[in-house]
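Spelled out from the first residue to the last, the chains are:
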2 protein chains.
Amino acid sequence: MVPHLTTALTGPINELEQRVLESMPAIERWFRLEWMEHTPPFYTSVDLRNAGFKLAPVATDLFPRGFNHLTPEMLPLAVQAAMAAIEKICPEAKNLLLIPENCTDNSFYLASLQRLVQIFGQAGLNVRLGNLDEAQTSPRPLHMPDGSEMLLEPLVRTRGRLGLKDFDPCTILLNNDLSTGAPRSIQYLHEQYLLPPLHAGWHVRRKSQHFRSYEEVAKKFAKLLGMDAWLIHPMFGSCGELDPSTPEGLDCVRHHADTILGKVRRKYKEYGINEKPFVVLKTNNGRDGAGILALRDAKELDSLNDPLPQRLHKSLHKGLHKSSHKSLGDNAADTGMTEIIVQEGVQTMERIHSAVAEPVVCMIDRYVVGGYYRVHAERSADEDLCGPGSSYVPLAFAESSQLPRPGVKPGVSAPNRFYMYGVIGRLAMLAASYELEATDPDAEDYD
Amino acid sequence: MVPHLTTALTGPINELEQRVLESMPAIERWFRLEWMEHTPPFYTSVDLRNAGFKLAPVATDLFPRGFNHLTPEMLPLAVQAAMAAIEKICPEAKNLLLIPENCTDNSFYLASLQRLVQIFGQAGLNVRLGNLDEAQTSPRPLHMPDGSEMLLEPLVRTRGRLGLKDFDPCTILLNNDLSTGAPRSIQYLHEQYLLPPLHAGWHVRRKSQHFRSYEEVAKKFAKLLGMDAWLIHPMFGSCGELDPSTPEGLDCVRHHADTILGKVRRKYKEYGINEKPFVVLKTNNGRDGAGILALRDAKELDSLNDPLPQRLHKSLHKGLHKSSHKSLGDNAADTGMTEIIVQEGVQTMERIHSAVAEPVVCMIDRYVVGGYYRVHAERSADEDLCGPGSSYVPLAFAESSQLPRPGVKPGVSAPNRFYMYGVIGRLAMLAASYELEATDPDAEDYD
């Protein structure tokens, strides 16, 4: 069943939906051609925000969790996509080593992990779990929410290869975002496939690079459809390392906030949108959730009741606390320095009952395999993955939600809405592919 | 909902189900390795018969219809498989020319055709229909069961290419089994992809070759699983051209029937099966349905109340009437000569209510995209595709039926049963791949 959505269905988004539906063969062909030139990430999930007049990705996760939120009806789709992915990489593979996050006491995360094991098991692989925590030297049972157990085993590293005791995988699949850095055990693995590659980890990855790539993709796509790229692209600016605890440290942030708010105001005027623009500040690396601050005016940086630089500092560091791994050397938590990205805020106008809903699109290889709604029970939910529980309620897309229903009036068909979400989700995935090419440390070899 | 099945769940089939489930990763890997060496047919459907003690394919269709029987929940799976198929063949494709059967007054066939157009449309192709009937020189509307219309257009052949007016496809997809031969318009198309290839048409294809290939595949697979290949393979023998209207003409048939019945009797004894063996006679080319005759004793060929050779002749020719295209030169219908295959009969023990049910597995590229039950309302249903209506009632598999549920006792889980069906269906598809390699007229070039 499709959750009942209340969306501000006005103007441009309906036009976008209609344009996307009419152009389906052209869009699918365009993706096919892009995938001839670029390699899709192994798996991806993309958080979208639908402002009613604008639809944009706000976060692209290369180590997705949330597979537990897919409906059972969609599992065959995930299995088929996993088969296609494995076939390309390592068709002779018997074994897959899956390296999860360390926060294995979070039941949502465990349920997602269990689903991943199921998907790759049914794609024909023996899947076992490896523990990235080098301090753990003996196998540890993980207690699944359904009462079953999975075993988290210590990694066994021999010269060029990584495995477990009596288990030599062809592919190592990371479901750990490396926000605490990449331990030596998973470096220099030239004989095996490590996916996603190391430089997709948050110890290296930068949102500014991702959104630069997304801007490129969005412009190409907008040209294909003959539309304004802004309708699917959030403007942004980024600052190098700065000290957010001092007013001077924030000069760059203030400048970007001013510029973007001005540009957005002009866009709102152009489209007759009667909303107050805002920008969000995020750390340039690490998951969103904690560490997001919204501003409607750059002056708020100077004039908040709570002494602001400290508040921002605290807020940002709340999101950053996982990024302070020693192996990365000095960084924000130690030195007070951090990198900030300033991005056009995109309101989510979708509501389920009265809670804010954000669609999340899940992909394996180049295929959309499902999606769900993240519903925030409170407005500014602190969504720390490893925390004691999450404040969102997952809602599955309908079974056949990827498939558009041509001929249905724009705005009123959930499947059509979801097809559009799948397209924007894939644009963000394509941007991640561009991004990983641009940041590939081995790419110089081929120049 | 899974249709309630009454199956004679005794002995070997449960062992087979268990073996198949336990070996899932090994099986999926084996298929992956096979597909590295062999190209899957573009699409395939396989009719299975489950005798309770034995599970075997009885017909492999390389121009499948019945896509209308897939549940809407399974459509995304078909679309994803179609995307994967197109991507391999012709990633830059915009257009797909689909050439259907001529029997466009059959509402079941039209519904399947419409579904195919939908699947490839949603995979990102502009799909149009071409008329193989060269006598039709103007476009003809086809009236779909849902009230909509599709246009069947005359083919436009220019030197190396085939298309429609203002429509130049990269790939031409045949959904016409060529039982009346391959018109010149679709021959020598070296600039485009014609799929399946011409030699997959029934004017060239022979069941004996298919089952020879299937025997090879079944033996390999049985070796992998350490089991008796007979449990998934129907024994057979075939005769060259013969005149079934005379008792002498049937010597070869009599010989094979005797030999196979003897072998089956020994197998039944070995497995303690308390059934009476039978063989079926089929024409070596063309769809099954009409033209199948079952014998429990080779002597029945000589001693039936209805003068037998004539009856067999009539029965076989009923199935063959479409194979008498002039361009093929002399054949059965003209000369009284025909080719016959004698095959071990496999009872279907599955019942829905009290009607006999045969599972049909549908595949696109190497992927199982769904299946349905063909239910015979009468015992010896005459299933002529172009006839006024079919005597079977389609029943969809459950949504997630391809996915096994490990840990469930063999024999009691419908999804586990269906996973096994998907495996046997894929074995028959792999056999078709071997078969098409063996009969490829262009293959000599590479020897």
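Preceding this paragraph is the structure being described.
Residues numbered from 1 in each chain as written. Chains lettered and ligands numbered in written order. Predicted model: local features only at pLDDT ≥ 70, side-chain atom pairs only at ≥ 80, totals over all residues. Heavy atoms only, no water.

Caption draft 1: View of the state of the cysteines. All names here are of chain B. For the structure on display, the rule yields 4 disulfides over all chains. Two residues, Cys-90 and Cys-170, share a disulfide whose sulfurs are 1.4 Å apart. An S-S torsion of about 65 degrees defines the bridge between Cys-90 and Cys-170 as right-handed. Separated by 80 residues along the polypeptide, Cys-90 in the loop between helix H3 (75-89) and strand E3 (95-100) and Cys-170 in the loop between strand E8 (161-163) and strand E9 (171-175) bring together distant segments of the chain. Across the disulfide, Cys-239 is cross-linked to Cys-252 (sulfur-sulfur distance 1.9 Å). Between Cys-239 and Cys-252, the disulfide has an S-S torsion of -95 degrees and is therefore left-handed. Linking Cys-239 in strand E11 (residues 236-242) with Cys-252 in helix H6 (residues 251-271), this pair joins segments that are 13 residues apart in sequence. Overall, the relative accessible area of 4% leaves Cys-239 in the buried class. (Disulfide = S-S within 2.5 Å. Helix = DSSP H or I, 4+ residues; strand = E, 2+ residues; numbered from the N terminus. Buried < 20%, exposed > 50% of the residue type's maximum accessible area, 1.4 Å probe, protein only.)

Caption draft 2: Quick peek at the packing of helix H2 (residues 24-37) of chain A against helix H5 (residues 207-225) of chain A. All names here are of chain A. Running from N to C, H2 and H5 point in directions that differ by 140 degrees, and their axes come no closer than 11 Å. Note on packing geometry: the crossing formed by H2 with H5 is right-handed. From H2, Ala-26, Ile-27, Trp-30 and Glu-34 reach across to H5, where they touch Val-217, Lys-220, Phe-221, Leu-224 and Leu-225. For the contact of H2 with H5, the per-class residue count stands at 7 nonpolar, no polar and 2 charged. (Axes fitted to C-alpha atoms, helices over the stretch in contact; angles between N-to-C directions. Left-handed = near helix turned anticlockwise from the far one by under 90°. Contact = heavy atoms within 4.5 Å. Nonpolar A, V, L, I, M, F, W, Y, C, P; charged D, E, K, R; others polar.)

Caption draft 3: Inspection of the sheet that holds strand E13 (residues 292-295) of chain B at higher detail. Residues and elements named next belong to chain B. Spatially, the 4 strands line up as an open sheet ordered E11-E14-E12-E13, and their pairing is antiparallel. The strands lining the two open edges of the sheet, one partner per strand, are E11 and E13. Direction aside, the axes of adjacent strands within the sheet are offset by 20 degrees on average. Here 4 bridges tie strand E12 (residues 279-283) to E13, and the two strands are oriented antiparallel to one another. (Pairing = 2+ DSSP bridges.)

Caption draft 4: Spotlight on the sheet that holds strand E3 (residues 95-100) of chain A. All names here are of chain A. Taken in spatial order, the 6 strands of this open sheet run E5-E6-E4-E3-E9-E10, and their pairing is mixed. Looking at which strands have only one partner, the edges of the open sheet turn out to be strand E5 (140-143) and strand E10 (193-195). Pairs of neighbouring strands in the sheet enclose a mean axial angle of 35 degrees, with direction left out of account. Judged from the 3 bridges that link them, strand E4 (residues 126-131) and strand E6 (residues 149-154) form a sheet pairing that is parallel. Counterpart to Asn-131 in the pairing with E6 is Pro-154. Sitting on the sheet, helix H4 (residues 107-122) touches E3, E4, E5, E6 and strand E9 (171-175), and the angle it makes with E3 is about 170 degrees.

Caption draft 5: Fine view of the pairing of strand E6 (residues 149-154) of chain B. All names here are of chain B. Where strand E5 (residues 140-143) lies against E6, 4 bridges are found, and the strand directions are antiparallel. Within the sheet, the bridge partner assigned to Pro-141 lies in E6 and is Leu-151. Counting the residues between successive antiparallel strands, the hairpin from E5 to E6 contains 5 residues, one of them, Gly-147, with a positive phi of roughly 95 degrees.

Caption draft 6: A look at the pairing of strand E14 (residues 338-344) of chain B. Residues and elements named next belong to chain B. Most of E14 sits inside the fold, with 6 of its 7 residues counted as buried. In the sheet, E11 pairs with E14 via 6 bridges, with the strands oriented antiparallel. Looking at E14, one finds that Leu-242 is bridged to Thr-338. With 5 bridges connecting them, E12 and E14 associate as antiparallel partners. Bridged to Val-280 within E14 is Gln-343.

Caption draft 7: Broad picture of the relation of the copies chain B and chain A. Mapping chain B onto chain A calls for a screw motion: a turn of 180 degrees about the axis and a shift of 0.0 Å along it, with 0.0 Å RMSD after fitting. This pairing of chains is accounted for by a two-fold axis. Closest approach to the rotation axis among the C-alpha atoms of chain B is made by Leu-77 of chain B, whose C-alpha sits 2.8 Å away. Most of the interface of chain B is mirrored in chain A, where 100% of its interface residues again form contacts. (Least-squares fit on C-alpha atoms with pLDDT ≥ 70 in both.)

Caption draft 8: Structural view of the interface of chain B and chain A. Counting from both sides, the interface comprises 41 residues of chain B and, opposite them, 41 residues of chain A. In this assembly, chain B packs against chain A so that about 3300 Å² is buried in total across both faces, 59% of it on carbon and sulfur atoms. Where chain B packs against chain A, one counts 2 salt bridges. Counting the contacts that link chain B with chain A gives 12 residue pairs in polar contact (both at pLDDT 80 or more). Residue assignment for the side of chain B that touches chain A shows that the elements contributing at least two residues are helix H2 (24-37), H3, helix H4 (107-122) and strand E17 (367-376) of chain B. Looking at the side of chain B that touches chain A element by element, the count peaks at 10 residues for H3 of chain B. Tallied by class, residues from the side of chain B that touches chain A come to 24 nonpolar, 7 polar and 10 charged. (Buried area = accessible area lost by both parts, 1.4 Å probe. Salt bridge = Lys/Arg side-chain N within 4 Å of Asp/Glu carboxyl O. Polar contact = N/O pair within 3.5 Å; in protein donor to acceptor, adjacent residues only side chain to side chain.)

Caption draft 9: View of a positive patch on the surface. Residues and elements named next belong to chain A. Together, Lys-263, Arg-265, Arg-266, Lys-276 and Arg-296 give the surface a local cluster of positive charge. You can see Lys-276 is positioned in the loop between helix H6 (251-271) and strand E12 (279-283). When its relative accessible area of 54% is taken as the criterion, Lys-276 is described as exposed. (Patch = residues over 30% accessible without salt bridge, like charges linked within 9 Å, V, L, I, M, F, W, Y side chains within 5 Å. Areas by Shrake-Rupley, 256 points an atom, 1.4 Å probe, with all protein chains shown as cover. Lys, Arg positive; Asp, Glu negative; His and termini not counted. Charge placed at Lys NZ, Arg CZ, Asp CG, Glu CD.)

Caption draft 10: Representation of the pattern of salt bridges within the structure. All names here are of chain A. In this structure the tally under the stated criterion is 37 salt bridges over all chains. The salt bridge partner of Glu-344 is Lys-54, with a shortest N-O separation of 2.9 Å. Remark: Lys-54 occurs in the loop between strand E1 (43-50) and strand E2 (55-61) and Glu-344 occurs in strand E14 (residues 338-344); sequence separation between them is 290 residues. As far as burial versus exposure is concerned, Glu-344 and Lys-54 are alike and both buried.

Caption draft 11: Structural context of the nonpolar core. Grouped together as the largest cluster of nonpolar side chains are 85 residues, with contacts concentrated most on Ile-119 and Phe-120 of chain A together with Phe-42, Ile-119 and Phe-120 of chain B. The biggest single contributor to this core is H3 of chain B, with 10 residues. If we skip the residues at most four places from it in the chain, Phe-120 of chain B touches Phe-42, Ala-82, Ile-86, Leu-96, Leu-125, Val-127 and Leu-173 of chain B. (Core = buried A, V, L, I, M, F, W, Y, C linked by side-chain atoms within 4.5 Å.)

Caption draft 12: Main features of H3 of chain B. For H3 of chain B, which comprises 15 residues, the first-to-last C-alpha distance of 21 Å matches the rise-based estimate of 21 Å (1.5 Å per residue) to within 8%. Within H3 of chain B, 14 of the 15 residues are buried, which leaves the element mostly enclosed by the surrounding structure. (Expected span 1.5 Å × (residues − 1).)

Caption draft 13: Region of the structure containing the side chain of Arg-32 of chain A. Following the sequence through the fold, Arg-32 of chain A ends up in helix H2. Buried within the structure, Arg-32 of chain A lacks any salt-bridge partner; Glu-28 of chain A is the closest side chain of opposite charge, at an N-O distance of 6.2 Å. Residues contacting Arg-32 of chain A, with those up to four places away along its chain left out, are Ile-86, Glu-87, Cys-90, Pro-91, Ala-93, Ala-123, Gly-124 and Leu-125 of chain B.

Caption draft 14: The arrangement of the packing of aromatic side chains in detail. Scanning the model with the defined rule gives 24 aromatic pairs over all chains in all. A centroid spacing of 5.3 Å and a plane angle of 80 degrees characterise the contact between Phe-53 of chain B and Tyr-268 of chain B, whose relative ring orientation is edge-to-face. Of this pair, Phe-53 of chain B sits in the loop between strand E1 (43-50) and strand E2 (55-61) while Tyr-268 of chain B sits in helix H6, and the two are 215 residues apart along the sequence. One exposure class covers both Phe-53 of chain B and Tyr-268 of chain B, and it is buried. Ring pairs connect the aromatic residues Phe-42, Tyr-43, Phe-67 and Phe-120 of chain A, which therefore count as one cluster. Geometry around Trp-202 of chain B places Arg-205 of chain B over its ring, the cationic atom sitting 4.7 Å from the centre. Cation over ring: Lys-207 of chain B sits above Trp-202 of chain B, and NZ or CZ is 5.6 Å from the ring centre. (Phe/Tyr/Trp six-rings, centres within 6.5 Å; stacked < 30°, edge-to-face > 60°. Lys NZ or Arg CZ within 6 Å of the ring centre and 35° of its normal.)

All quantities given are derived from atomic positions and should not be read as evidence of function.
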